[in-house]
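Descriptive analysis of the structure
Now for the letters of each chain:
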Amino acid sequence: MTTLDDNQEQLRSNIELIGRESIDDLEAVLSVVGHYDVEGYHRVPDNCPAEFTWDYEKGAKPQLDKLYEKAKKAQWNGQTDLDWSIEVDQEQVVIANAEANPAQMQWDEAALAGTALEKWDEKRFIEFGIQNQNWLLSQFMHGEQGALLCTAKIVETVPWIDAKYYAATQVMDEARHVEVFSKYLDEKLSGHYPMNAHLGLLLDDIVADPRWDMTYLGMQIMVEGLALAAFGFIHMMTTEPLLKKLLRYVMADEARHVAFGVLSLQEYYKELNAAELRERQEFAFEAAIRMKDRMAMQEVWERMEVPTADVLKIMQAAPERDDFQILLFSKIVPNLKKLGLLDAADGWLRTKFTEMGAIAFEHLTDSTEDEDAFADGSPADRQVA
Ligand SMILES: [Fe+2]
Ligand SMILES: [Fe+2]
């Protein structure tokens, strides 16, 4: 991220922000594929000034204090609250999920004509479904590690004691999320994928930015907002009972995490000047595009040895899949509106979300009204289904 000069009136162009003119340039999207770092780890300088506060007055921010008290009662244990004895037959899950969700998971033959998939037999399609599961759960796991690092950073950087307390509970939540996704991948699925390249670029940007509110905006509002919607869809569509319950537990925590983001930022953003708000708008737009790009699943296509030209053909012939992906922005858009970011700078961000086809979500309720966020007791105690 570069810093906008206060005098600069213009917002940056798509090329400057995301490296391409059209947000729908799929060829550019598919050309970036994630790989494991050979050293087995990935380091990002986080440039953050850790901040002590001497104002220990608990409850000075009443809404954050309330969220903290709820979070303490909402802890669950991934080892004991989930039934890990459930056996998962990935092939059967692929078949059952496709039968239960024909609109999202079955292929339209016309879309496959003239591509490598035209010659695939049933076994190969099932293999593709299995790779999809491995990829998706891997991305959930990597994203959760991003959240773990970001919330640890928020504990250090946010200036208010109520927010430090709350963020500390979220660090524990995210550790549990990484743990359960990793355990599910290792014990129930059949392979890992590296971090998707687009998601990786976004997480690097979020971690590297020294300003505490940018960690919130990138992680709590954008990444977690999208994750909450994605978990909701998979929870609704999957026929696999262990994953269903696991996701339900994670979603109960994520609702609180996104609410934490909105509650913290809405006050702070009222103090920012126009140039500072523009910078936040650009950051939100860049993050939205990175997350949209990730859904092209380039690592799966590569593993299945489908040429890029064929992937382009398939995606262009099935625009309803794109519509489905846009639904994943349903939590993000109302929250950005609540924060004033849709309308700042003559509605620049509103124009961008209109271009993406996601602006209609602005009328949905924002995450400060999510029941899960303020629920009393852990998902295990509440017996959520
Ligand atoms: Fe999480
Ligand atoms: Fe989270």
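Calculation criteria
- Residues numbered from 1 in each chain as written.
- Chains lettered and ligands numbered in written order.
- Predicted model: local features only at pLDDT ≥ 70, side-chain atom pairs only at ≥ 80, totals over all residues.
- Heavy atoms only, no water.
- Helix = DSSP H or I, 4+ residues; strand = E, 2+ residues; numbered from the N terminus.
- Rg over C-alpha atoms; globule rule 2.2 N^0.38 Å.
- Contact = heavy atoms within 4.5 Å.
- Areas by Shrake-Rupley, 256 points an atom, 1.4 Å probe, with all protein chains shown as cover.
- Axes fitted to C-alpha atoms, helices over the stretch in contact; angles between N-to-C directions.
- Parallel < 35°, antiparallel > 145°, perpendicular 65-115°, else oblique.
- Left-handed = near helix turned anticlockwise from the far one by under 90°.
- Nonpolar A, V, L, I, M, F, W, Y, C, P; charged D, E, K, R; others polar.
- Donors = N, O, S within 2.8 Å, 3.2 Å for Na, K, Ca; no water.
- Tetrahedral: all angles 85-135°; square planar, octahedral: opposite > 155°, others 65-115°.
- Disulfide = S-S within 2.5 Å.
- Buried < 20%, exposed > 50% of the residue type's maximum accessible area, 1.4 Å probe, protein only.
- Phe/Tyr/Trp six-rings, centres within 6.5 Å; stacked < 30°, edge-to-face > 60°.
- Expected span 1.5 Å × (residues − 1).
- pLDDT = per-residue confidence, 0-100.
- Polar contact = N/O pair within 3.5 Å; in protein donor to acceptor, adjacent residues only side chain to side chain.
- Salt bridge = Lys/Arg side-chain N within 4 Å of Asp/Glu carboxyl O.
- Core = buried A, V, L, I, M, F, W, Y, C linked by side-chain atoms within 4.5 Å.

Of regular secondary structure, the chain possesses 18 helices and zero strands. The C-alpha radius of gyration computed for the chain amounts to 21 Å, which stays within 12% of the reference 21 Å derived for 385 residues, consistent with globular compactness. When the backbone C-alpha atoms are referred to their principal axes, the chain occupies close to 65 × 50 × 45 Å. Considering only intrachain contacts with a sequence separation of at least 6, the fraction spanning at least 24 residues in the chain is 85%. Total accessible area on the chain stands at roughly 17,000 Å², and carbon and sulfur atoms take up 52% of it.

The next subject is the packing of helix α7 (residues 122-157) against helix α8 (residues 161-188). Where α7 contacts α8, the axes come no closer than 8 Å and their chain directions differ by 160°. Classified by the angle between their axes, α7 and α8 sit roughly antiparallel to one another. Like other packed secondary-structure pairs, α7 and α8 cross with a definite hand, here left-handed. Each residue belonging to the contact of α7 with α8 can be placed in one class, and the counts come to 16 nonpolar, eight polar and four charged.

This brings us to the coordination of the iron ion (ligand 2). In this structure, E174 (OE), E224 (OE), E254 (OE) and H257 (ND1) serve as the protein donors to the iron ion (ligand 2), at separations of 1.8 to 2.2 Å. Around the iron ion (ligand 2), the four donor atoms are arranged such that angles at the metal cover 89 to 169°; this shape is classified as irregular. Between the two metals, the iron ion (ligand 2) and the iron ion (ligand 1), the spacing is 3.0 Å, and E174 donates to both. Taken together, the positions of E174 in helix α8 and E254 in helix α11 (residues 241-269) put the pair 80 residues apart, joining distant regions of the chain.

Here we take up the state of the cysteines. One pass over the structure, following the stated rule, counts zero disulfides. With no disulfide of its own, C150 lies 10 Å from the sulfur of C48, the closest cysteine sulfur.

Every protein donor of the iron ion (ligand 1) is accounted for by E144 (OE), E174 (OE), H177 (ND1) and E254 (OE), and the metal-donor separations fall at 1.9 to 2.2 Å. The site at the iron ion (ligand 1) holds four donor atoms, and with the angles between them running 86 to 141°, its shape is irregular. In the primary structure, the donors to the iron ion (ligand 1) are separated according to the pattern E-x29-E-x2-H-x76-E. Taking relative accessible area as the criterion, E254 reaches 2% and is therefore assigned buried.

Counted by the stated rule, this structure contains 17 aromatic pairs. With 5.0 Å between their ring centres and 50° between their planes, Y216 and F260 make a pair best called tilted. Remark: F260 occurs in helix α11 and Y216 occurs in helix α10 (residues 212-237); sequence separation between them is 44 residues. Exposure class is identical for Y216 and F260. Each is buried.

This part covers unusual backbone geometry. Within the chain, M297 stands out as a residue other than glycine whose phi angle is a positive 55°. Of note, M297 is situated in the loop between α12 (274-294) and α13 (298-303). Here the phi dihedral of A345 falls at roughly 50°; this positive angle occurs in a residue that is not glycine. On the secondary structure map, A345 appears in helix α17 (residues 344-356). With a relative accessible area of 32%, A345 lands in the partly exposed category.

Taking 1.5 Å as the rise per residue, α10 with 26 residues should run 38 Å; its terminal C-alpha atoms sit 36 Å apart, in good agreement. Burial analysis of α10 places 25 of its 26 residues in the buried class, the great majority of the element.

Atomic detail in the predicted coordinates should be set aside for any region of low pLDDT. Per-residue confidence for the chain averages 92 on the pLDDT scale, and 97% of its residues sit at or above 70. Predicted confidence is poor over residues 1-7, with pLDDT under 50, and the contacts of this stretch with residues over four places away or in other chains come to 16 contacts.

Right, let's get into α12. Its 21 residues place the ends of α12 31 Å apart at the C-alpha level, agreeing with the 30 Å of an ideal helix rising 1.5 Å per residue. Burial analysis of α12 places 19 of its 21 residues in the buried class, which makes it a mostly covered element. At the N-terminal end of α12, a side-chain oxygen is found 3.1 Å from the backbone nitrogen of A275, two or three residues along, and the residue is N273.

Turning to the packing of α10 against α11, a few remarks are in order. Taken N-terminus to C-terminus, the directions of α10 and α11 make an angle of 150°; their axes are 8 Å apart at the nearest point. When the axis of α10 is compared with that of α11, the two are roughly antiparallel. Along this stretch, α10 crosses α11, giving a crossing that reads as left-handed. Considering only residue class, the contact of α10 with α11 consists of 19 nonpolar, seven polar and five charged.

A word on the pattern of salt bridges. Evaluated as defined, the whole model comprises 25 salt bridges. Between R280 and D213 there is a salt bridge; the shortest N-O distance is 2.8 Å. Taken as a pair, R280 in helix α12 and D213 in helix α10 lie far apart in primary sequence, 67 residues in all. The same class applies to R280 as to D213, namely buried. Salt bridges sharing partners connect three or more residues here, namely K58, D65, E69 and K72.

If you look at the biggest cluster of nonpolar residues, it comprises 96 residues, and the most contacted ones within it are F329, L336 and F353. Counting residues in each nonpolar core, the second largest holds 18 residues, with L117, M297, W301 and M304 among its members.

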